[in-house]
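Summary of the model geometry
Here's the letter readout for the chains.
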Amino acid sequence: MAEIQIRNLHKAFGATRVLKGVNLEVQDGEFISLVGPSGCGKSTLLRILAGLETQDAGEVHMAGRRMDALAPGARDIAMVFQSYALYPHLSVHDNIAVPLAVRRLSRWQRLPLLGRVWPGSRALRRQIDAEVHAAAQMLDISHLLARKPGQLSGGQRQRTALGRAMVRRPQAFLMDEPLSNLDANLRVQMRSEIAALHRKLSGTFVYVTHDQTEAMTMSDRLAVMLGGELLQVASPAQIYFDPVDLRVAEFLGNPRLNRLACDTDAQGQLLYRGVPLGLRVAHGAAAGQRVTLGLRPEALRFGAWSRTGLRATVTGHEHLGAEVLVQAALALGDETVVLRCDALAALPERGTDIHLGFAPGRALVFDADGRRLGVVEEGHG
């Protein structure tokens, strides 16, 4: 397997700049997900890695070797597409065997009839057959090897595509939204299977998705992209709890981040519509300016820390089984916030006036440009 280095990559289609100086290092054996909304440039970046697109500027290195001038077949990379890209006339066995046959058999040895009796063919075909069966057993599709793709479910086709990538034993696996065509239950199952496959192979995986749940559950690190820029690269937990940019904080999380437009006084104290929130911007940064307070739905609580002075009225409930999302309209201003609550907890009814609070350590504060600011609790620091 191999380390991948992407240096100052630029790409434009006509007047549209798709990648704007992207820099990224993927460690040997790492599972990293490129995540972001549609049109952010993540699939273009993956296609440049695979050699299917050419960048306008910048460099791509793998295992210390510059890859820019190499054709896709010379890069020793396996790519799994959203559409699976299986040959409909070939069996599952033969689909998986394609890259091995192309690499190991001569043109004559690949012929349907003559190739089977060509000198050396039988030994090579037995070897290929053994590797196909080993991959199929790992993916639990041994019983499907004789079937054609048209006879398979979506999940079985996806496993076949993964098997075809596996047998190549490439330096890196590139996956472009491979689960997007599957139903919700099957996506959950395939997430676990792809993560388990990564652990078995100890391979370098670069995975593209717009689904934040996929990215957070499978990845060692996330690379969050918006508008052709790489905003933050970190572990899923760090991206979620410690985002460096408001756009990152808003993209990750379901329900979305609660946003409150606040001001800071000359001492850096946070004010919501003139009401002190018990927080101060660290080191006086952004004092006397407009800032954004971000609160995850699970960070808000009823009644606790009522000294913050946030009052609201419950406007609705959304029951999701083990948890309930409670909507509340703030008494000051026109913002509505969402709280994530335990379904078994005693919850205020619709129309109830409540106090809201939050743990100071869970507050995310951003300046007018969306950059993260440090905050401390009043009376501390």
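Predicted model, so just to flag it, every value in this text is computed and none were measured.

A short note on the packing of helix H2 (residues 92-104) against helix H4 (residues 121-138)
H4 packs onto H2 with a crossing angle of 135° between their chain directions and a minimal axis gap of 10 Å. Taken as axis vectors, H2 and H4 run oblique relative to one another. By crossing handedness, the relation of H2 to H4 is classed as right-handed. On the side of H2, the interface is formed by His-93, Ile-96, Ala-97, Leu-100, Ala-101 and Arg-104, while H4 contributes Leu-124, Gln-127, Ile-128, Asp-129, Glu-131, Val-132 and His-133. Grouping the amino acids of the contact of H2 with H4 by side-chain chemistry returns 7 nonpolar, 3 polar and 3 charged.

Description of H2
For H2, spanning 13 residues, the distance from its first C-alpha to its last is 19 Å, which sits close to the expected 18 Å at 1.5 Å a residue. At Val-98, H2 shows its largest kink, close to 45°, and the proline Pro-99 lies no more than four residues downstream. On the buried face of H2, the contacting elements are H4 and helix H5 (154-166).

Section: the sheet that holds strand E7 (residues 172-176)
Here we have 6 strands laid out as an open sheet, ordered E6-E7-E8-E3-E9-E10, and mixed in their pairing. Here the strands that pair on one side only, and so sit at the sheet edges, are strand E6 (77-80) and strand E10 (229-234). Direction aside, the axes of adjacent strands within the sheet are offset by 15° on average. Sheet topology places strand E3 (residues 31-35) next to strand E8 (residues 204-209); 5 bridges connect them, and they run parallel. When the sheet's bridge partners are listed, Val-35 is paired in E8 with Thr-209. Along the sheet face, helix H6 (residues 184-201) touches E3, E7 and E8 and points at about 160° away from the line of E8.

Structural notes on the side chain of Thr-264
You can see Thr-264 is positioned in strand E11 (residues 258-264). At 2.8 Å, the side chain of Thr-264 forms a polar contact with the backbone nitrogen of Gly-288. Separated by 2.9 Å, the side chain of Thr-264 and the backbone nitrogen of Gln-289 make a polar contact. Among residues more than four places away in sequence, those in contact with Thr-264 are Gln-269, Leu-270, Val-281, Ala-286, Ala-287, Gly-288, Gln-289 and Val-291.

Looking at the packing of H5 against H6
Where H5 meets H6, the closest approach of the two axes is 11 Å, and the angle between their N-to-C directions is 15°. In terms of orientation, H5 lies roughly parallel with respect to H6. Where H5 crosses over H6, the two elements pack in a sense that is right-handed. The segment H5 lies against H6, with Gly-154, Gly-155, Gln-158, Arg-159, Leu-162 and Met-166 engaging Leu-186, Gln-189, Met-190, Glu-193, Ile-194, Leu-197 and Leu-201.

With respect to unusual backbone geometry
A cis amide bond links Asn-254 with the next residue in sequence, Pro-255, at an omega value of 5°. Looking at the secondary structure, you find Pro-255 in the loop between helix H9 (246-251) and E11. In this model, Ala-63 sits at a positive phi of 55°, which is unusual for a non-glycine residue. Its location among the elements puts Ala-63 in the loop between strand E4 (57-62) and strand E5 (65-66).

Considerations on the pairing of strand E1 (residues 4-13)
The pairing of E1 with E4 spans 5 bridges and is antiparallel. Looking at E4, one finds that Gln-5 is bridged to His-61. Examined bridge by bridge, E1 and strand E2 (residues 16-26) share 8 bridges and lie antiparallel to one another. If you follow Ala-12 over to E2, its bridge partner there is Arg-17. Counted along the chain from E1 to the antiparallel partner E2, the turn is 2 residues long, and its residue Gly-14 has a positive phi close to 65°.

Topic: the packing of aromatic side chains
For the structure shown, the criterion picks out 4 aromatic pairs. With a centroid separation of 5.7 Å and 35° between ring planes, the pair formed by Phe-31 and Tyr-207 is classed as tilted. Of this pair, Phe-31 sits in strand E3 while Tyr-207 sits in strand E8, and the two are 176 residues apart along the sequence. The class for Tyr-207 is buried, based on a relative accessible area of 0%. Ring centres 4.8 Å apart and planes at 35° place the aromatic pair Phe-173 and Phe-205 in the tilted group. In this pair, Phe-173 is assigned in strand E7 and Phe-205 in strand E8, connecting sequence segments 32 residues apart. Linked through ring pairs, Phe-31, Phe-173, Phe-205 and Tyr-207 together constitute an aromatic cluster. Arg-296 extends its terminal NZ or CZ atom over the ring of Tyr-240, reaching a point 4.1 Å from the ring centre.

Quick notes on the rules
- Residues numbered from 1 in each chain as written.
- Predicted model: local features only at pLDDT ≥ 70, side-chain atom pairs only at ≥ 80, totals over all residues.
- Heavy atoms only, no water.
- Axes fitted to C-alpha atoms, helices over the stretch in contact; angles between N-to-C directions.
- Helix = DSSP H or I, 4+ residues; strand = E, 2+ residues; numbered from the N terminus.
- Parallel < 35°, antiparallel > 145°, perpendicular 65-115°, else oblique.
- Left-handed = near helix turned anticlockwise from the far one by under 90°.
- Contact = heavy atoms within 4.5 Å.
- Nonpolar A, V, L, I, M, F, W, Y, C, P; charged D, E, K, R; others polar.
- Expected span 1.5 Å × (residues − 1).
- Bend = angle between axes of the 7 residues up to and from the residue.
- Pairing = 2+ DSSP bridges.
- Polar contact = N/O pair within 3.5 Å; in protein donor to acceptor, adjacent residues only side chain to side chain.
- Phe/Tyr/Trp six-rings, centres within 6.5 Å; stacked < 30°, edge-to-face > 60°.
- Buried < 20%, exposed > 50% of the residue type's maximum accessible area, 1.4 Å probe, protein only.
- Lys NZ or Arg CZ within 6 Å of the ring centre and 35° of its normal.

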